[in-house]
Amino acid sequence: MKSKGRHLRAVDRLTELAEDIYRQIDERKIPKMSIPLRTKSNIRFDRRSGVWKYGRSMGVRSAKKLTGAQMLLRTMYMLEFMEEMIRNNKSSTLREMYYISEGWEKAKFSAQDESNMLAEDLEIITACMREDFKLRPEEDGARVIGNITIQETDRKGKKKRINCRDDVGDSGYGIPYNVEKDKISFVDCDADMMVAIETGGMFDRLVENRFDEEYHAVLVHLKGQPARSTRRFIKRANEEMKLPVCVFVDGDPWSFRIHASLAYGAIKTAHLSEYLATPSAEYIGITASDILNYDLPTDKLSDRDVQALNAEKSDPRFSDQFWKHEIDLMLDINKKAEQQALAKYGLDFVTDTYLPEKLTELGIMK
Amino acid sequence: MASIAHELAKKQKEISVSEFFEKNKHILGFDSLTRALITAVKESVDNSLDACEDAGILPEVFVRVKKERNNEYNVVVEDNGPGIVKKQVPNVFGRLLYGSRFHARAQRRGQQGIGVSAVVMYAQITTGKPAKIRSKISDDDVAHQCELVMDTKKNRAQSTKEDFVIWDKEHGTRLEVNLKGKYVQGRQSIFEYLKGVAIVNPHARLTFVPPDGGTIVFERSTEDMPPPTKEVRPHPEGVELGELLTMAKYTEAKKMTSFLNTEFSRISLRVAREVLDHADVPHDQKPSRLTLDQAGAIVDAVHRVRIMAPETDCLSPIGEGLIRKSLKNVLGDLKASFYAPPITREPKVFAGNPFVVEVGIVYGGQLNKEESVQILRFANRVPLMYQQGACATTQAIENVDWRRYGLEQRGGKGIPFGPAIILVHVASTKIPFTSESKEAVANVPEIREEIELALKACARRLKTHLNKAERKSKTRVKFDIVQDIIPMIAQKSAKIVGKPVPDIAGTITKIMNVVWVEDGVTFDKKKHHVSVKLYNYTPKSQRLHVHMVLPYDGVVGKSLSLEPAEVRNGGKVTWDVKRIASTEVFELSFDMKGLDKDEYDENELYVSGIDPASVIGADVLPGDWDLEHVKITEEKPAEADEGAENGEVDYDEGAEVIEDEE
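Residues numbered from 1 in each chain as written. Chains lettered and ligands numbered in written order. Predicted model: local features only at pLDDT ≥ 70, side-chain atom pairs only at ≥ 80, totals over all residues. Heavy atoms only, no water.

Enquirer: How would you summarise the overall build of chain B if you had to cite specific residues and measurements?
Expert: Along the backbone of chain B there are 14 helices and 24 strands. Within chain B, buried positions represent 52% of all 662 residues. Sequence separation of 24 or more characterises 71% of the internal contacts of chain B that already satisfy a separation of 6 or more. A total of about 30200 Å² of accessible surface is found on chain B, and carbon and sulfur atoms cover 48% of it. (Helix = DSSP H or I, 4+ residues; strand = E, 2+ residues; numbered from the N terminus. Buried < 20%, exposed > 50% of the residue type's maximum accessible area, 1.4 Å probe, protein only. Contact = heavy atoms within 4.5 Å. Areas by Shrake-Rupley, 256 points an atom, 1.4 Å probe, with all protein chains shown as cover.)

Enquirer: Go over the sheet that holds strand β15 (residues 515-524) of chain B, please, and point to the residues and values.
Expert: Residues and elements named next belong to chain B. Ordered in space as β20-β16-β15-β22, the four strands form an open sheet in which the pairing is mixed. With partners counted over all chains shown, the strands left at the sheet margins are β20 (585-593) and β22 (615-616), one partner each. Pairing of β15 with strand β16 (residues 527-536), which is carried by 10 bridges, proceeds in the antiparallel orientation. When the bridges of β16 are listed, Asp524 appears paired with Lys527. (Pairing = 2+ DSSP bridges.)

Enquirer: Tell me about the pattern of salt bridges, and name the residues and values.
Expert: Residue and element names in this part refer to chain A. Summed over all chains, the structure comprises 56 salt bridges over all chains. Measuring nitrogen to oxygen at the nearest pair gives 3.1 Å for the salt bridge that ties Glu180 to Arg232. Of the two residues, Glu180 sits in the loop between β10 (173-174) and β11 (184-189) while Arg232 sits in helix α7 (residues 228-240), which places them 52 residues apart along the sequence. Residues Asp328 and Lys313 are paired through a salt bridge, measuring 3.2 Å at the closest nitrogen-oxygen approach. Placement of Asp328 in helix α12 (residues 321-333) and of Lys313 in helix α11 (residues 303-313) is noted, with a sequence separation of 15 residues between them. Relative accessible area serves as the criterion here: at 38%, Asp328 is assigned to the partly exposed category. Assessed through its relative accessible area of 49%, Lys313 is described here as partly exposed. (Salt bridge = Lys/Arg side-chain N within 4 Å of Asp/Glu carboxyl O.)

Enquirer: Talk me through helix α1 (residues 4-26) of chain A; I want residue IDs and the actual numbers.
Expert: Helix length check: α1(A), at 23 residues, gives a terminal C-alpha distance of 33 Å against a target of 33 Å (1.5 Å per residue), a fit within 8%. The complete set of buried residues in α1(A) reads A:His7, A:Ala10, A:Val11, A:Leu14, A:Thr15, A:Leu17, A:Ala18, A:Ile21, A:Tyr22, A:Gln24 and A:Ile25. On its buried face, α1(A) sits against β1 (32-36), α2 (66-87) and α4 (112-126) of chain A together with α13 (445-497) and α14 (505-511) of chain B. A:Arg28 lies just past α1(A) and shows a positive phi near 60°. (Expected span 1.5 Å × (residues − 1).)

Enquirer: Explain the interface of chain A and chain B to me, using residue names and the numbers behind them.
Expert: A common way to express how large an interface is: the accessible area buried when the components associate. Residue-level contacts link 57 residues of chain A with 40 residues of chain B. Interface of chain A and chain B: buried area, both sides summed, is about 4400 Å²; carbon and sulfur atoms make up 59% of it. Across the pair B:Lys492 and A:Glu80 runs a salt bridge whose closest N-O atoms are separated by 2.6 Å. Across the chain A-chain B interface, the total number found is nine residue pairs in polar contact (both at pLDDT 80 or more). Here the side of chain A that touches chain B gets 13 residues from one element, more than from any other, and that element is α2(A). Where strand β4 (residues 58-62) of chain A and strand β24 (residues 649-650) of chain B come together, two bridges link them in parallel fashion. When the sheet's bridge partners are listed, A:Gly59 is paired in β24(B) with B:Val649. (Buried area = accessible area lost by both parts, 1.4 Å probe. Polar contact = N/O pair within 3.5 Å; in protein donor to acceptor, adjacent residues only side chain to side chain.)

Enquirer: Got a sec to walk through the pairing of strand β12 (residues 193-197) of chain A? Specific residues and values, please.
Expert: The side chains of a regular strand alternate between the sheet's two faces. Residues and elements named next belong to chain A. With five of five residues buried, β12 is to be regarded as a mostly interior element. By the alternation rule, side chains of β12 split into Met193, Val195 and Ile197 and Met194 and Ala196, which are all buried. Taken together, the four bridges between β12 and strand β14 (residues 245-248) define a ladder with parallel strand orientation. The partner of Ala196 across the bridge, within β14, is Val247.

Enquirer: Lay out the nonpolar core with the relevant residues and their values.
Expert: Among the nonpolar cores identified, the biggest contains 77 residues, and A:Val195, A:Phe248 and A:Tyr354 are the most heavily contacted of them. Formed by 62 residues, the second largest nonpolar core is a distinct cluster that contains B:Ala36, B:Tyr193, B:Val362 and B:Leu376. (Core = buried A, V, L, I, M, F, W, Y, C linked by side-chain atoms within 4.5 Å.)

Enquirer: Before we move on, could you go through the packing of aromatic side chains and cite the residues and values that matter?
Expert: Describing an aromatic ring pair means giving the distance of the ring centres and the angle of the ring planes. Overall, the coordinates contain 28 aromatic pairs over all chains when judged by the stated rule. Between A:Phe186 and A:Phe233 the ring centres are 5.3 Å apart and the planes differ by 55°, which places this aromatic pair in the tilted class. With A:Phe186 in strand β11 and A:Phe233 in helix α7, the pair connects residues that are 47 residues apart, well separated along the chain. On the accessibility criterion, A:Phe233 (1% relative accessible area) is buried. Seen from their ring centres, A:Phe211 and A:Tyr215 are 4.6 Å apart, and the 25° between their planes marks the pair as stacked. Residue classification places A:Phe211 among the buried positions, given a relative accessible area of 0%. An aromatic cluster is present here, built from A:Phe248, A:Tyr294, A:Tyr345, A:Phe349 and A:Tyr354 joined pairwise through their rings. Sitting over the face of the ring of A:Tyr275, A:Arg232 holds its NZ or CZ atom 4.0 Å from the ring centroid. For B:Arg35, the ring lying beneath its charged end belongs to B:Tyr386, and the centroid distance is 4.5 Å. (Phe/Tyr/Trp six-rings, centres within 6.5 Å; stacked < 30°, edge-to-face > 60°. Lys NZ or Arg CZ within 6 Å of the ring centre and 35° of its normal.)

Take a look at the structure:
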């Protein structure tokens, strides 16, 4: 297996981590571990790659405190579990690992978020990826429709060519959790752009209205916050097929964050930004300006929405003129709108009017 | 209040006292239907308990309240007291201000002899029905019974339908009345009143049959009678001018010296002469010739002469042990987390009357956290149900800044909030009430101050407990870290790197740096097992003394894991633990036999000979070993460094929550 090398490297790195803890106890110290802080104040723009990565601020996980001690113990259990999987050539989903921890007594996780976070911590510390640890996410069902042809190596090792318009049903091509070169390669593409869409409803609307065919677009359904594989797939298509990417989401603070994680890099996975983010991706809408310009049906901002917007004002990823303006405007009008609010003007409005107007404005459509 | 009673007595000449009562029933506690019913039960029960105690009988009181029609209730109160001889019945139950109590200075529930006859009178006024009384004295074979019809004008009762009946009771009295009233539940109810009675009368057994059926029994929690109270002569301190003049007028003494000597307590002939010298009154002057000026001079002189505090064996406090026990008994299933050791103050005096204040505090557990604390007020072992705001007890509670002692209180004034019950008992040969209904203790400075002191002393014990609990729970977390987590981290990391498990001693002592004391009591097979574990989580080996207060006679000698170095009176036991190596545990344990489960359920544990800041889980031995309780220990322990070193940021406690991103 080609990937053997990366797994062995992962074992070495994990063992080093355990050695460090062992040595500290042996030296009569309180064991601790340093990890880059995964906070919005510790992400820096990397000029070379054009994405946001972690800065130099470090946090300490120390056995002096209960949480710290617990996390260190969990780390030890997780290391052991990962090394075992690599040795036995097994893999597990993140969810399975969470359930495995049921048998870890004091090191048991109380929620899957905790085990997912720790797996990410280990990625950051070891500079490996969770796939190297034999961990994988659950399928998330993100799908693609459009004239792009890929070659996928299936579970039996057979290579299959799939055209994402002609060889798939109406639900499109499902993006697998592994979209690396050993699994997927891009063969051909006849499209002018890739449109990443937040909601299934809007994705289906564009499919039904044949937007992909009429406007030469590859449509990708993000399913809310896009999974790593979805983001990776988009990035590869952007780089390898030279497809311009634009993001079409709801008009609310959470959708701004979807765009940020896709285009700039997510705070939570900033160690992988270079690998996952597509810096040239453009935000189509819905913008706060759209709400006014198109006079869209709206909802009032909730307290949480306002909080999220205010948090974004101090998020370095949103510090450019465009975002400052949109965030302030949204706070000002105190309104948000869904993508599907465009249906106010009929089912075809989005494909006949809104998208062409916006795409032209962005210079993606001539 | 003596003055009101005098007032009442005077009026007797003009109109009958009974008539006076009829017009003033609010003073006597019959002003509303609800209250009338409670007062009726209360006065009758007080009477029964006094009768039993006077005769040295463990009280057994039965109370039944039955609804007759609309607002009419039938009330039966039956006791196992000595009984009343036949010809006294009309006097005891049918005449106001009758009884031996009025002039006596002794701690009694009933003080003015208004109580039970007022019930009979109220019953007759409201329903027109006479009271039925049955009584049996142990000399007789049969009980006598009768119905009492009152003539409220003449302050006399007429006994009718007299008869003898067989009663399967050795002795006792039963009162049955029909009266207008209203039965309610809640804080001011017959049930709560009887519960209160049970708390301050742990030697009484009470049975209550409420109108809605069922039977509630408050079992006694002790078989010991309170020591009998004596009647005493007034103490000179605080005697009033008028009182002194009256006494001088009616004394049989021929000379001032013998007058002072015989009519007052604590005045020897020598002290009498000293007082008279100070007052410039001739020693052999006839008492009846005492002038107003002279009397005033004597009252002044009394304060300038050293006079022994009044006799206090005339008082019957409940006692620290029993307060706690009966509170526990009565709270039953409602589990509290802490019973502050109750305080029984030394007796003090106001106006020549000795009094004593007792305070108990129950805290936490299942007690209601959201409400004001519950106040249980008692005077001479009688629960006070009404006029809480007017009571010196409440005022004293409101005056204490409870925030200092761990309870919430707005602005440090008023009734505090929190999961607590505060019990205050004032016992005296003469409780100064604000009114004849005896519901609120008057705000006499001496009494109020004593209550405040007792409250504060008890509150300090609560605070000490809360401090300890807080510190312990903080360190408990670390205890879990070093006890469970560090050993496992060491094991796992060793396994991964393929090396022997490292010694964790250094790490553990750095995290804890204390001697951790964990003690417990278990009860099994009629034996108490006491265990005190001392974990030395300091980098050095430690030596210390462990002190406990134990019913030492119960300790099974051969079960002792370490022989005590010293056993003193009062069960004060000291052990010398010579050496506990760093990160080692020493267990001190033993069994005790022959005690009831509830007799010993918490260890009183102290340590000495070690830096107090480095011990968690046990108090420092009080400076005076004879002191039963420690003062607040406010020293801050040299805790292992809590904060981050060198500006380190705790990775897991960042305030920022990463939301909504994959």
